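Listed here are the chains, written in short residue letters.
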Amino acid sequence: MPCIICTTTTNLGYMKRIVILTGAGISAESGIATFRGSGGLWNNYRIEDVASPNAWRRNPRLVLAFYNQRRADAAKAQPNAAHKALCELETHYQVHVITQNVDDLHERAGTTDVWHLHGKLREARSSDYPNLIYDIGAKPINLGDVCSKGSQLRPNIVWFGEEVPAISRAASLSAAADIFVVIGTSMQVYPAASLINYVPITTPKYIIDPHIPNLPAFRNIHAMQGKASVIVPQLVQQLLDAVQKKS
Ligand code: OAD
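The text that follows walks through the structure, step by step, so that each part is easy to find.

Each value, and the rule that gives it
By convention here, each chain's residues receive numbers from 1 onward along its written sequence. Residues qualify for local features only when their pLDDT is at least 70, as the model is predicted, and side-chain atom pairs are given and counted only at 80 or more; totals for whole chains, interfaces and linings, by contrast, use all residues. Excluding hydrogens and water, the side-chain values take into account all heavy atoms of the structure. Counting from the N terminus, the helices are DSSP H or I runs at least four residues long and the strands are E runs at least two residues long. Residues are treated as being in contact if the distance between any of their heavy atoms lies within 4.5 Å. Exposure categories follow from relative accessible area, calculated using a 1.4 Å probe and restricted to protein chains: below 20% of the type maximum is buried, above 50% is exposed, and the middle band is partly exposed. In this context, the arc is that of the directions from the helix axis out to the C-beta atoms. Each Phe, Tyr or Trp ring (for Trp, its six-membered ring) is paired with any other whose centre lies within 6.5 Å, and the angle between the two planes then decides the class: stacked below 30 degrees, edge-to-face above 60, tilted in between. We define the nonpolar core as a collection of buried residues of types Ala, Val, Leu, Ile, Met, Phe, Trp, Tyr and Cys that are connected through side-chain atoms lying within 4.5 Å of one another. A carboxyl oxygen of Asp or Glu within 4 Å of a side-chain nitrogen of Lys or Arg is what we treat as a salt bridge. Two strands qualify as a pair provided that DSSP identifies no fewer than 2 bridges between them. Lines fitted to C-alpha atoms define the axes, with helix axes restricted to the stretch in contact, and inter-axis angles between N-to-C directions lie between 0 and 180 degrees.

### A short note on the environment of Lys227
Phase 1 of the analysis: Relative to the helices and strands, Lys227 resides in the loop between strand S9 (221-225) and helix H9 (228-246).
Phase 2 of the analysis: Expressed as a C-alpha distance, the spacing of Lys227 and Phe160, which sit 67 residues apart in the sequence, is 28 Å.
Phase 3 of the analysis: Ignoring any residue separated from it by four or fewer positions in sequence, one finds Lys227 in contact with Glu29 and Pro210.

### So, helix H8 (residues 167-175)
Phase 1 of the analysis: Looking only at H8, the buried set comprises Ala170, Ala171, Leu173 and Ser174. In a view along the axis of H8, the buried residues occupy a sector of 165°, so they form one face of it.
Phase 2 of the analysis: Contacts from the buried residues of H8 go to strand S1 (17-22), strand S2 (94-99), strand S3 (114-116) and strand S7 (179-183).

### Notes on the packing of aromatic side chains
Phase 1 of the analysis: In total, this model carries six aromatic pairs according to the counting rule given.
Phase 2 of the analysis: Residues Tyr45 and Phe66 carry aromatic rings whose centres are separated by 4.7 Å and whose planes lie at 65° to one another, so their mutual orientation is edge-to-face. Of this pair, Tyr45 sits in the loop between helix H2 (25-28) and helix H3 (47-50) while Phe66 sits in helix H5 (residues 60-76), and the two are 21 residues apart along the sequence.
Phase 3 of the analysis: Judged by relative accessible area, Tyr45 falls into the partly exposed class, the value being 30%.

### Overview of the nonpolar core
Soluble globular proteins tend to bury their nonpolar side chains together.
Phase 1 of the analysis: Membership of the largest hydrophobic core comes to 25 residues, with the highest contact counts inside it found for Ile20, Leu89, Tyr93, Val181, Ile183 and Val232.
Phase 2 of the analysis: If you list the elements that add at least two residues to this core, you get S1, helix H6 (81-88), S2, S7, strand S8 (205-209) and H9.
Phase 3 of the analysis: Tallying contributions element by element places H9 first for this core, with eight residues.
Phase 4 of the analysis: Residue contacts for Leu89: discarding those within four places in its chain leaves Ile18, Ile20, Val95, Val236, Leu239 and Leu240.
Phase 5 of the analysis: Formed by 23 residues, the second largest nonpolar core is a distinct cluster that contains Trp56, Phe66, Val102 and Ala124.

### Quick look at the pattern of salt bridges
Phase 1 of the analysis: For the coordinates displayed, the defined rule picks out nine salt bridges.
Phase 2 of the analysis: Lys120 is the salt-bridge partner of Glu123, the closest N and O atoms lying 3.7 Å from each other.
Phase 3 of the analysis: Taking relative accessible area as the criterion, Lys120 reaches 30% and is therefore assigned partly exposed.
Phase 4 of the analysis: Ionic pairing is found between Arg122 and Asp135, a salt bridge with its closest N-O pair at 3.0 Å. Taken together, the positions of Arg122 in strand S4 (residues 119-126) and Asp135 in strand S5 (residues 133-135) put the pair 13 residues apart, joining distant regions of the chain.
Phase 5 of the analysis: With a relative accessible area of 54%, Asp135 lands in the exposed category.
Phase 6 of the analysis: Sharing partners across several salt bridges, the network here consists of Arg46, Glu48, Asp49 and Arg58.

### Quick word on the sheet that holds S7
Hydrogen bonds between backbone groups are what pair the strands of a sheet, and the pairing can be parallel or antiparallel.
Phase 1 of the analysis: If you trace the six strands from one edge of the open sheet to the other, you get S3-S2-S1-S7-S8-S9, paired in parallel fashion. The open sheet has two edge strands with one neighbour each: S3 and S9. If you compare each strand with its neighbour and ignore which way they point, the axes differ by 15° on average.
Phase 2 of the analysis: Sheet topology note: the S8/S9 ladder contains five bridges and is parallel. Of the residues in S9, the one forming a bridge with Tyr206 is His222.
Phase 3 of the analysis: Its contacts with the sheet put H8 on S1, S2, S3 and S7, and the angle it makes with S2 is roughly 135°.

### Considering the pairing of S7
Phase 1 of the analysis: Within S7, five of the five residues are buried, which leaves it mostly tucked inside the rest of the structure.
Phase 2 of the analysis: Of the two faces of S7, the one lined by Ile179, Val181 and Ile183 and the one lined by Phe180 and Val182 are each fully buried.
Phase 3 of the analysis: Pairing between S1 and S7: five bridges, direction parallel. Its bridge partner lying in S7, Leu21 is registered against Val182.
Phase 4 of the analysis: Pairing of S7 with S8, which is carried by four bridges, proceeds in the parallel orientation. Paired with Ile183 across the bridge in S8 is Ile208.

Any functional reading would require information beyond the geometric quantities listed.
What follows is the structure, encoded as structure tokens:
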């Protein structure tokens, strides 16, 4: 006979909510460079030269070249075991992925609800009309490419010093998390790094990274040290087993 919890899950549609914050580390094993640490992009480029409104004003050609290369790299990359494992959670949980990544590997792996805090490489937007956004796939943006109103197109990326439009939705999701998972981020960039502060104290928080970032002493933290492609499938199995055991 099914237990009350399973009956509730099936009949009333209640599923626990898992909120997952990801950073560059989850895509590292797909061949996409992280930002910090050895081999990180910010060792070879200065943020103020390629990822800020000032950079765009000073040298748009360099900014476009930087993101055209990132877009080409992301288009060649494939989702890895970590991206794929997260999708399996959707069979038994409500899953919301909040990512700082600008690649689309979560979507290509099959995750349904993905919030991009820092924008998307495969989109261009008007430099004068921010609501004019175009899906450009893997194509480059060049000087002279314009929106329907004639303004230069730029990458639809949130640069340093710009607002993060998805942050209020991300904060609400974090505040409603039954389980919170952080994967592959150094937690050095705000406001993304502040989302963990919204998570209820009693909510279990899993941190997956080969170098566990320094975090304030939260309750219910489970540090799982290692590469995403190895540890994420283990955690997913553990979370799925927990649901099965209750039924
Ligand atoms: P970082 O480069 O700062 O941090 C990457 C994290 O991934 C580090 O903690 C690594 O230890 C970890 N890592 C490396 N390999 C991993 C693996 N195989 N599995 C799991 N973790 C691994 O990247 P983010 O924290 O994502 O913003 O950076 C945040 C933001 O800073 C980016 O979105 C970008 C950047 O400047 C903008 O450009 C606006």
